[in-house]
Amino acid sequence: MPGSYLVLELSNLCNLACVHCAVSEAEHPHHKSVGSFDINLANQLFEDMARSGIHFDTLIFFWLGEPLLHPHFCSIYQQALRFSVRYNIFSRIEVHTNAILMDINIIDALLNSASIPQRLHLSLDAATEETYKKIKGRDQFIAAVRHSAFFLRTKVGRGALWPRPVFQYILGSNNVHEAKAFLEHWTDVCTELQLQPQVVGGNVPPGQDPVIFFRQLDCPTREQQEKENALFLEFLQKEDIPHPPKAEAPILTKNLQPCSGFWKSPVLDWQGNLTFCTRDNSLKNSIGNIQETPFSQLWLSAQTQSIRNAVAAGNYSDLSLCSSCFIPRSLNHTEISSEEITTFSEYMRTR
(Lines give C-alpha, C1' and ligand atoms only; values in the text may rest on other atoms or scores of the structure.)
Protein backbone atom coordinates (compact mmCIF):
# COMPACT_ATOMS: atom_id res chain seq x y z
CA MET A 1 0.00 0.00 0.00
CA PRO A 2 1.42 3.43 -0.88
CA GLY A 3 3.01 5.06 2.14
CA SER A 4 3.08 1.85 4.20
CA TYR A 5 5.89 1.26 6.67
CA LEU A 6 6.94 -1.13 9.41
CA VAL A 7 8.55 0.42 12.49
CA LEU A 8 11.04 -1.88 14.21
CA GLU A 9 12.37 -0.73 17.57
CA LEU A 10 15.83 -2.26 17.84
CA SER A 11 16.26 -0.90 21.37
CA ASN A 12 14.36 1.27 23.83
CA LEU A 13 17.65 2.40 25.35
CA CYS A 14 18.86 5.87 24.45
CA ASN A 15 21.93 7.99 25.06
CA LEU A 16 19.84 11.18 24.97
CA ALA A 17 16.61 12.41 26.59
CA CYS A 18 14.88 14.56 23.97
CA VAL A 19 12.07 16.73 25.27
CA HIS A 20 9.74 15.59 22.47
CA CYS A 21 10.29 11.88 23.23
CA ALA A 22 8.89 9.56 25.92
CA VAL A 23 12.48 8.76 26.93
CA SER A 24 12.53 12.07 28.80
CA GLU A 25 9.37 11.21 30.79
CA ALA A 26 10.12 9.81 34.24
CA GLU A 27 8.49 6.44 34.97
CA HIS A 28 7.06 6.11 31.46
CA PRO A 29 5.76 2.51 31.13
CA HIS A 30 7.64 1.98 27.88
CA HIS A 31 10.92 2.18 29.79
CA LYS A 32 10.13 0.19 32.93
CA SER A 33 12.24 -2.54 31.39
CA VAL A 34 14.90 -1.94 28.76
CA GLY A 35 16.69 -4.06 26.22
CA SER A 36 17.26 -4.84 22.55
CA PHE A 37 15.36 -6.72 19.86
CA ASP A 38 16.51 -10.34 19.65
CA ILE A 39 18.64 -10.87 16.53
CA ASN A 40 17.11 -14.31 15.93
CA LEU A 41 13.61 -12.86 16.18
CA ALA A 42 14.54 -10.25 13.56
CA ASN A 43 15.62 -13.01 11.19
CA GLN A 44 12.40 -14.93 11.88
CA LEU A 45 10.39 -11.79 11.12
CA PHE A 46 12.05 -11.29 7.73
CA GLU A 47 11.69 -14.99 6.85
CA ASP A 48 8.01 -14.95 7.84
CA MET A 49 7.32 -11.90 5.68
CA ALA A 50 9.12 -13.49 2.72
CA ARG A 51 7.14 -16.75 3.05
CA SER A 52 3.83 -14.89 3.45
CA GLY A 53 4.41 -12.43 0.62
CA ILE A 54 4.02 -9.44 2.93
CA HIS A 55 5.43 -6.15 1.64
CA PHE A 56 5.73 -2.63 3.05
CA ASP A 57 7.07 0.43 1.29
CA THR A 58 9.55 1.15 4.07
CA LEU A 59 11.27 -0.48 7.02
CA ILE A 60 12.08 2.08 9.73
CA PHE A 61 14.67 1.19 12.36
CA PHE A 62 13.61 3.49 15.18
CA TRP A 63 11.03 4.19 17.85
CA LEU A 64 11.76 5.17 21.45
CA GLY A 65 15.44 4.37 21.57
CA GLU A 66 18.70 4.76 19.66
CA PRO A 67 19.03 1.92 17.10
CA LEU A 68 22.84 2.11 17.02
CA LEU A 69 22.88 0.99 20.67
CA HIS A 70 21.83 -2.48 19.53
CA PRO A 71 24.89 -4.74 19.83
CA HIS A 72 24.04 -6.41 16.49
CA PHE A 73 22.76 -3.38 14.60
CA CYS A 74 25.05 -3.95 11.62
CA SER A 75 24.02 -7.61 11.20
CA ILE A 76 20.30 -6.86 11.44
CA TYR A 77 20.57 -3.97 8.99
CA GLN A 78 22.41 -6.06 6.41
CA GLN A 79 20.00 -8.97 6.86
CA ALA A 80 17.03 -6.66 6.26
CA LEU A 81 18.74 -5.35 3.14
CA ARG A 82 19.42 -8.86 1.80
CA PHE A 83 15.81 -9.97 2.34
CA SER A 84 14.53 -6.79 0.70
CA VAL A 85 16.67 -7.33 -2.39
CA ARG A 86 15.88 -11.04 -2.69
CA TYR A 87 12.25 -11.23 -1.57
CA ASN A 88 10.90 -7.67 -1.92
CA ILE A 89 9.62 -7.41 1.66
CA PHE A 90 10.56 -3.72 1.76
CA SER A 91 11.06 -1.17 -1.03
CA ARG A 92 13.16 1.14 1.18
CA ILE A 93 15.02 1.04 4.47
CA GLU A 94 15.42 3.95 6.89
CA VAL A 95 17.50 4.39 10.01
CA HIS A 96 16.84 7.27 12.39
CA THR A 97 19.84 8.00 14.61
CA ASN A 98 21.29 10.79 16.72
CA ALA A 99 24.70 9.92 15.14
CA ILE A 100 26.56 9.98 18.47
CA LEU A 101 27.70 6.37 17.96
CA MET A 102 28.35 6.73 14.22
CA ASP A 103 31.85 5.24 14.08
CA ILE A 104 33.73 3.81 11.10
CA ASN A 105 32.51 0.24 11.79
CA ILE A 106 28.88 1.31 11.52
CA ILE A 107 29.62 3.43 8.46
CA ASP A 108 31.35 0.43 6.84
CA ALA A 109 28.21 -1.67 7.48
CA LEU A 110 25.86 0.99 6.14
CA LEU A 111 27.56 2.07 2.91
CA ASN A 112 26.49 0.05 -0.13
CA SER A 113 25.21 0.30 -3.69
CA ALA A 114 22.29 -2.15 -3.45
CA SER A 115 19.15 -1.88 -5.59
CA ILE A 116 17.06 -0.91 -2.54
CA PRO A 117 16.99 2.83 -1.71
CA GLN A 118 18.05 3.61 1.86
CA ARG A 119 17.95 6.71 4.04
CA LEU A 120 19.92 7.70 7.10
CA HIS A 121 18.01 10.30 9.11
CA LEU A 122 20.54 12.18 11.22
CA SER A 123 18.39 13.69 13.98
CA LEU A 124 20.20 16.87 15.00
CA ASP A 125 17.53 19.50 15.77
CA ALA A 126 19.93 22.31 16.68
CA ALA A 127 22.67 24.58 15.36
CA THR A 128 24.37 25.36 18.68
CA GLU A 129 25.53 23.43 21.72
CA GLU A 130 23.21 25.38 24.02
CA THR A 131 20.02 24.64 22.10
CA TYR A 132 21.06 21.04 21.50
CA LYS A 133 21.41 20.40 25.22
CA LYS A 134 18.03 21.99 25.96
CA ILE A 135 16.29 19.82 23.38
CA LYS A 136 18.32 16.62 23.62
CA GLY A 137 18.90 16.63 27.36
CA ARG A 138 22.64 16.01 27.11
CA ASP A 139 25.72 17.74 25.77
CA GLN A 140 26.60 15.68 22.68
CA PHE A 141 26.29 18.34 19.98
CA ILE A 142 29.90 18.26 18.79
CA ALA A 143 29.97 14.46 18.50
CA ALA A 144 26.65 14.36 16.61
CA VAL A 145 27.68 17.05 14.12
CA ARG A 146 31.18 15.68 13.54
CA HIS A 147 29.97 12.13 13.01
CA SER A 148 27.22 13.27 10.64
CA ALA A 149 29.71 15.22 8.54
CA PHE A 150 32.19 12.33 8.67
CA PHE A 151 29.54 9.96 7.34
CA LEU A 152 28.83 12.27 4.41
CA ARG A 153 32.51 12.71 3.57
CA THR A 154 33.17 8.97 3.76
CA LYS A 155 30.17 8.19 1.55
CA VAL A 156 31.34 10.69 -1.07
CA GLY A 157 34.94 9.47 -0.87
CA ARG A 158 33.93 5.86 -1.49
CA GLY A 159 31.35 6.66 -4.14
CA ALA A 160 28.69 4.62 -2.33
CA LEU A 161 25.12 5.00 -3.54
CA TRP A 162 23.36 4.45 -0.19
CA PRO A 163 22.23 5.35 2.36
CA ARG A 164 21.04 8.82 1.49
CA PRO A 165 21.86 11.28 4.31
CA VAL A 166 18.96 13.29 5.68
CA PHE A 167 20.01 16.10 8.04
CA GLN A 168 16.88 16.34 10.14
CA TYR A 169 15.54 19.27 12.15
CA ILE A 170 12.33 18.78 14.16
CA LEU A 171 11.23 22.38 14.19
CA GLY A 172 9.43 23.79 17.21
CA SER A 173 9.14 26.90 19.33
CA ASN A 174 12.26 25.82 21.27
CA ASN A 175 14.58 25.87 18.23
CA VAL A 176 12.95 27.89 15.43
CA HIS A 177 15.32 30.78 16.19
CA GLU A 178 18.30 28.85 14.77
CA ALA A 179 16.63 26.83 12.04
CA LYS A 180 18.10 29.10 9.37
CA ALA A 181 21.60 28.68 10.83
CA PHE A 182 21.11 24.89 10.63
CA LEU A 183 20.08 25.24 7.00
CA GLU A 184 23.09 27.38 6.15
CA HIS A 185 25.58 25.12 7.97
CA TRP A 186 24.58 21.89 6.26
CA THR A 187 24.24 23.62 2.90
CA ASP A 188 27.87 24.77 3.30
CA VAL A 189 29.02 21.25 4.27
CA CYS A 190 27.37 19.79 1.17
CA THR A 191 28.69 22.55 -1.09
CA GLU A 192 32.25 21.92 0.08
CA LEU A 193 31.84 18.36 -1.19
CA GLN A 194 30.36 19.62 -4.47
CA LEU A 195 26.91 18.34 -3.56
CA GLN A 196 23.60 20.13 -4.06
CA PRO A 197 21.28 19.26 -1.16
CA GLN A 198 17.52 19.19 -1.43
CA VAL A 199 15.84 21.38 1.18
CA VAL A 200 12.33 20.21 2.06
CA GLY A 201 9.68 20.40 4.76
CA GLY A 202 7.23 17.71 5.80
CA ASN A 203 8.20 14.85 3.49
CA VAL A 204 11.46 13.60 1.99
CA PRO A 205 11.07 13.15 -1.79
CA PRO A 206 12.71 10.29 -3.72
CA GLY A 207 16.26 10.78 -4.93
CA GLN A 208 19.91 10.32 -4.02
CA ASP A 209 21.11 13.83 -3.14
CA PRO A 210 21.61 14.80 0.51
CA VAL A 211 18.52 16.28 2.14
CA ILE A 212 18.15 19.07 4.67
CA PHE A 213 14.81 18.16 6.17
CA PHE A 214 12.55 20.22 8.41
CA ARG A 215 9.99 18.07 10.18
CA GLN A 216 6.83 19.10 11.98
CA LEU A 217 6.68 18.58 15.74
CA ASP A 218 3.81 16.33 16.87
CA CYS A 219 2.20 17.57 20.10
CA PRO A 220 0.00 15.95 22.77
CA THR A 221 -2.89 18.44 22.44
CA ARG A 222 -4.71 20.05 19.53
CA GLU A 223 -4.07 23.54 20.89
CA GLN A 224 -0.30 23.00 21.06
CA GLN A 225 -0.34 21.38 17.64
CA GLU A 226 -2.05 24.36 16.04
CA LYS A 227 0.58 26.74 17.45
CA GLU A 228 3.49 24.56 16.32
CA ASN A 229 1.92 24.04 12.89
CA ALA A 230 1.67 27.80 12.37
CA LEU A 231 5.30 28.28 13.42
CA PHE A 232 6.45 25.46 11.13
CA LEU A 233 4.55 26.78 8.12
CA GLU A 234 5.73 30.35 8.72
CA PHE A 235 9.38 29.28 8.63
CA LEU A 236 8.96 27.17 5.49
CA GLN A 237 7.20 30.00 3.67
CA LYS A 238 9.75 32.58 4.78
CA GLU A 239 12.64 30.46 3.50
CA ASP A 240 10.71 29.37 0.39
CA ILE A 241 11.02 25.70 1.34
CA PRO A 242 8.63 23.27 -0.42
CA HIS A 243 5.98 21.70 1.76
CA PRO A 244 3.00 19.40 1.11
CA PRO A 245 -0.48 20.99 0.80
CA LYS A 246 -1.82 19.43 3.98
CA ALA A 247 0.61 21.55 6.01
CA GLU A 248 -2.04 24.26 5.75
CA ALA A 249 -5.02 22.00 6.53
CA PRO A 250 -6.99 22.69 9.75
CA ILE A 251 -6.75 20.23 12.64
CA LEU A 252 -9.94 18.41 13.57
CA THR A 253 -10.82 17.99 17.24
CA LYS A 254 -11.78 14.35 16.84
CA ASN A 255 -10.63 11.58 14.57
CA LEU A 256 -13.72 10.62 12.58
CA GLN A 257 -11.84 9.27 9.57
CA PRO A 258 -10.21 5.86 9.11
CA CYS A 259 -6.70 5.92 10.52
CA SER A 260 -4.16 4.45 8.10
CA GLY A 261 -2.13 2.93 10.93
CA PHE A 262 -4.37 -0.14 11.04
CA TRP A 263 -3.49 -0.93 7.44
CA LYS A 264 -0.17 0.78 6.75
CA SER A 265 2.06 1.24 9.78
CA PRO A 266 2.54 -1.66 12.20
CA VAL A 267 4.96 -1.02 15.05
CA LEU A 268 7.07 -3.65 16.80
CA ASP A 269 8.65 -2.77 20.12
CA TRP A 270 11.97 -4.24 21.27
CA GLN A 271 10.20 -7.17 22.95
CA GLY A 272 8.18 -8.12 19.86
CA ASN A 273 4.84 -6.56 20.83
CA LEU A 274 2.82 -5.50 17.79
CA THR A 275 0.64 -2.39 17.67
CA PHE A 276 -0.59 0.04 15.02
CA CYS A 277 0.87 3.44 15.87
CA THR A 278 4.05 4.99 17.24
CA ARG A 279 1.92 7.08 19.62
CA ASP A 280 0.80 3.85 21.28
CA ASN A 281 3.91 3.69 23.45
CA SER A 282 1.93 2.07 26.27
CA LEU A 283 0.76 -0.71 23.91
CA LYS A 284 -2.94 -0.16 24.61
CA ASN A 285 -3.85 -1.42 21.14
CA SER A 286 -1.35 -4.27 20.98
CA ILE A 287 -2.66 -7.36 19.19
CA GLY A 288 0.02 -9.82 20.30
CA ASN A 289 3.70 -10.63 20.35
CA ILE A 290 5.68 -12.12 17.47
CA GLN A 291 7.71 -14.22 19.90
CA GLU A 292 4.52 -16.24 20.40
CA THR A 293 2.69 -15.80 17.08
CA PRO A 294 4.33 -14.98 13.71
CA PHE A 295 3.87 -11.44 12.44
CA SER A 296 1.94 -12.62 9.37
CA GLN A 297 -0.64 -14.43 11.50
CA LEU A 298 -1.19 -11.42 13.74
CA TRP A 299 -1.27 -8.82 10.95
CA LEU A 300 -3.59 -10.85 8.70
CA SER A 301 -5.77 -12.39 11.43
CA ALA A 302 -9.57 -12.24 11.58
CA GLN A 303 -9.26 -10.34 14.87
CA THR A 304 -7.14 -7.62 13.28
CA GLN A 305 -9.43 -7.40 10.27
CA SER A 306 -12.40 -6.98 12.61
CA ILE A 307 -10.64 -3.97 14.16
CA ARG A 308 -9.99 -2.56 10.68
CA ASN A 309 -13.65 -2.97 9.71
CA ALA A 310 -14.70 -0.93 12.75
CA VAL A 311 -12.11 1.77 12.06
CA ALA A 312 -13.15 1.93 8.40
CA ALA A 313 -16.62 2.86 9.62
CA GLY A 314 -15.19 5.53 11.95
CA ASN A 315 -15.91 3.41 15.02
CA TYR A 316 -13.18 3.75 17.66
CA SER A 317 -15.35 2.78 20.64
CA ASP A 318 -13.09 -0.15 21.58
CA LEU A 319 -9.91 1.85 20.99
CA SER A 320 -9.72 4.42 23.77
CA LEU A 321 -6.35 5.73 22.63
CA CYS A 322 -7.76 6.58 19.21
CA SER A 323 -11.22 7.97 19.95
CA SER A 324 -10.09 11.59 20.32
CA CYS A 325 -6.80 11.46 18.41
CA PHE A 326 -6.16 14.33 15.98
CA ILE A 327 -2.89 12.99 14.52
CA PRO A 328 -4.48 11.63 11.31
CA ARG A 329 -4.65 15.31 10.38
CA SER A 330 -0.94 15.73 11.09
CA LEU A 331 1.56 16.50 8.38
CA ASN A 332 3.56 13.48 9.57
CA HIS A 333 0.69 11.03 9.07
CA THR A 334 0.16 8.76 6.06
CA GLU A 335 -3.25 8.97 4.39
CA ILE A 336 -5.48 6.09 3.31
CA SER A 337 -8.25 6.10 0.69
CA SER A 338 -11.57 4.24 0.65
CA GLU A 339 -10.34 2.43 -2.45
CA GLU A 340 -7.28 1.15 -0.59
CA ILE A 341 -9.46 -0.07 2.28
CA THR A 342 -11.78 -1.88 -0.15
CA THR A 343 -8.86 -3.49 -1.97
CA PHE A 344 -7.37 -4.73 1.30
CA SER A 345 -10.74 -6.15 2.43
CA GLU A 346 -11.12 -8.00 -0.87
CA TYR A 347 -7.62 -9.42 -0.46
CA MET A 348 -8.47 -10.68 3.05
CA ARG A 349 -11.62 -12.40 1.76
CA THR A 350 -9.66 -14.31 -0.89
CA ARG A 351 -6.89 -15.55 1.43
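Keep in mind it's a predicted model, so treat the numbers as computed, not measured.

### Here's the deal with the overall build of the protein
Stage number 1. The secondary structure content of the protein amounts to 11 helices and 10 strands.
Stage number 2. What you see for the protein is a C-alpha radius of gyration of 20 Å, in line with the 20 Å of a compact globule of 351 residues.
Stage number 3. Viewed in the frame of its principal axes, the protein has a C-alpha envelope of about 55 × 45 × 40 Å.
Stage number 4. Looking at the protein as a whole, 52% of its 351 residues qualify as buried.
Stage number 5. Sequence separation of 24 or more characterises 75% of the internal contacts of the protein that already satisfy a separation of 6 or more.
Stage number 6. Here the protein has roughly 15,600 Å² of accessible surface; of this, 50% comes from carbon and sulfur atoms.
Stage number 7. Counting 29 positive and 36 negative side-chain charges, the protein places the averaged centre of each group 2 Å from the other.

### Description of the pattern of salt bridges
Stage number 1. On inspection of all chains with the given rule, the structure shows five salt bridges.
Stage number 2. Between D108 and R158 there is a salt bridge, with its nearest N and O atoms 2.7 Å apart. A residue pair is termed long-range when its members are at least 10 positions apart, and D108 in helix 3 (residues 104-110) and R158 in helix 5 (residues 141-158) qualify at 50 residues.
Stage number 3. The class for D108 is partly exposed, based on a relative accessible area of 35%.
Stage number 4. Its relative accessible area of 47% is what places R158 among the partly exposed residues.
Stage number 5. Here E340 ties to K264 by a salt bridge, and the two come within 3.2 Å at their closest N and O atoms. Of the two residues, E340 is situated in helix 11 (residues 338-350) and K264 in helix 8 (residues 261-264); the sequence distance between them amounts to 76 residues.

### Thoughts on the sheet that holds strand 5 (residues 164-171)
Stage number 1. Strand order in the open sheet made by the 10 strands is 6-7-5-4-3-2-1-8-9-10, with mixed pairing throughout. Two strands bound the open sheet, and with one partner strand each, they are strand 6 (198-201) and strand 10 (288-289).
Stage number 2. Each of strand 5, strand 6 and strand 7 (211-216) is contacted by helix 7 (residues 222-238), which is oriented at about 150° to strand 7, the strand it contacts most.

### A closer look at unusual backbone geometry
Stage number 1. Following W162, the chain continues to P163 via a peptide bond in cis, the omega torsion being -5°.
Stage number 2. Relative to the elements of secondary structure, P163 occurs in the loop between helix 5 and strand 5.
Stage number 3. Phi at Q194 is positive, roughly 60°, even though this residue is not glycine.
Stage number 4. Within the fold, Q194 resides in the loop between helix 6 (179-192) and strand 6.
Stage number 5. The exposure class of Q194 is exposed, given its relative accessible area of 77%.
Stage number 6. Despite not being glycine, L283 has its phi angle at roughly 60°, a positive value.

### Side note on the layout of surface pockets
Stage number 1. Of the pockets and cavities examined, the second largest pocket occupies roughly 290 Å³.
Stage number 2. As for the second largest pocket, its lining consists of 14 residues, of which M1, H55, W299, F344 and Y347 are closest to the centre.
Stage number 3. Of all the elements, helix 11 adds the most residues to the lining of the second largest pocket, at four residues.
Stage number 4. In terms of residue class, the lining of the second largest pocket is built from nine nonpolar, four polar and one charged.

### Details of the pairing of strand 4 (residues 118-123)
Looking along a regular strand, one sees the side chains alternate between the two faces of the sheet.
Stage number 1. Of all six residues in strand 4, six are buried, a share of seventy percent or more.
Stage number 2. A two-sided burial pattern is seen for strand 4, the buried positions comprising Q118, L120 and L122 on one face and R119, H121 and S123 on the other.
Stage number 3. Across five bridges, strand 3 (residues 90-97) lies against strand 4 in parallel orientation. Residue pairing in the sheet places H96 in a bridge with H121 of strand 4.
Stage number 4. Taking the sense of rotation as the criterion, the β-α-β connection linking strand 3, helix 3 and strand 4 turns out right-handed.
Stage number 5. In this structure, strand 4 lies alongside strand 5, joined through five bridges in parallel fashion. Across the sheet, residue L122 finds its bridge partner in strand 5, namely F167.

### Quick notes on the packing of aromatic side chains
Remark: the centre distance and the inter-plane angle together describe each pair of aromatic rings, the angle taken between the planes.
Stage number 1. All chains considered together, the criterion is met by 18 aromatic pairs.
Stage number 2. With a centroid separation of 6.1 Å and 45° between ring planes, the pair formed by F61 and Y77 is classed as tilted. Linking F61 in strand 2 (residues 56-61) with Y77 in helix 2 (residues 73-87), this pair joins segments that are 16 residues apart in sequence. Note on accessibility: F61 and Y77 belong to one class, buried.
Stage number 3. An aromatic cluster of three or more residues is present, and its members are F56, F262, F276, F295 and W299.
Stage number 4. Note that R308 overlies the ring of W299, its terminal NZ or CZ placed 4.6 Å from the centroid.

### Examining the side chain of T58
Stage number 1. Within the secondary structure layout, T58 lies in strand 2.
Stage number 2. We classify T58 as buried; its relative accessible area is 5%.
Stage number 3. At 3.2 Å, the side chain of T58 forms a polar contact with the side chain of R92.
Stage number 4. With near-sequence residues (within four places) excluded, T58 lies in contact with S4, Y5, L6, F90, R92 and E94.

Cut-off values and rules
Residues numbered from 1 in each chain as written. Predicted model: local features only at pLDDT ≥ 70, side-chain atom pairs only at ≥ 80, totals over all residues. Heavy atoms only, no water. Helix = DSSP H or I, 4+ residues; strand = E, 2+ residues; numbered from the N terminus. Rg over C-alpha atoms; globule rule 2.2 N^0.38 Å. Buried < 20%, exposed > 50% of the residue type's maximum accessible area, 1.4 Å probe, protein only. Contact = heavy atoms within 4.5 Å. Areas by Shrake-Rupley, 256 points an atom, 1.4 Å probe, with all protein chains shown as cover. Lys, Arg positive; Asp, Glu negative; His and termini not counted. Charge placed at Lys NZ, Arg CZ, Asp CG, Glu CD. Salt bridge = Lys/Arg side-chain N within 4 Å of Asp/Glu carboxyl O. Pairing = 2+ DSSP bridges. Axes fitted to C-alpha atoms, helices over the stretch in contact; angles between N-to-C directions. 1 Å grid on protein atoms, 1.4 Å probe; cavity = no way out; pocket = protein on both sides within 12 Å on 5 of 7 lines; lining within 4 Å. Points joined across faces, edges and corners; volume = space filled by probe spheres on them. Nonpolar A, V, L, I, M, F, W, Y, C, P; charged D, E, K, R; others polar. Right-handed = clockwise from strand over helix to strand, strands pointing away. Phe/Tyr/Trp six-rings, centres within 6.5 Å; stacked < 30°, edge-to-face > 60°. Lys NZ or Arg CZ within 6 Å of the ring centre and 35° of its normal. Polar contact = N/O pair within 3.5 Å; in protein donor to acceptor, adjacent residues only side chain to side chain.

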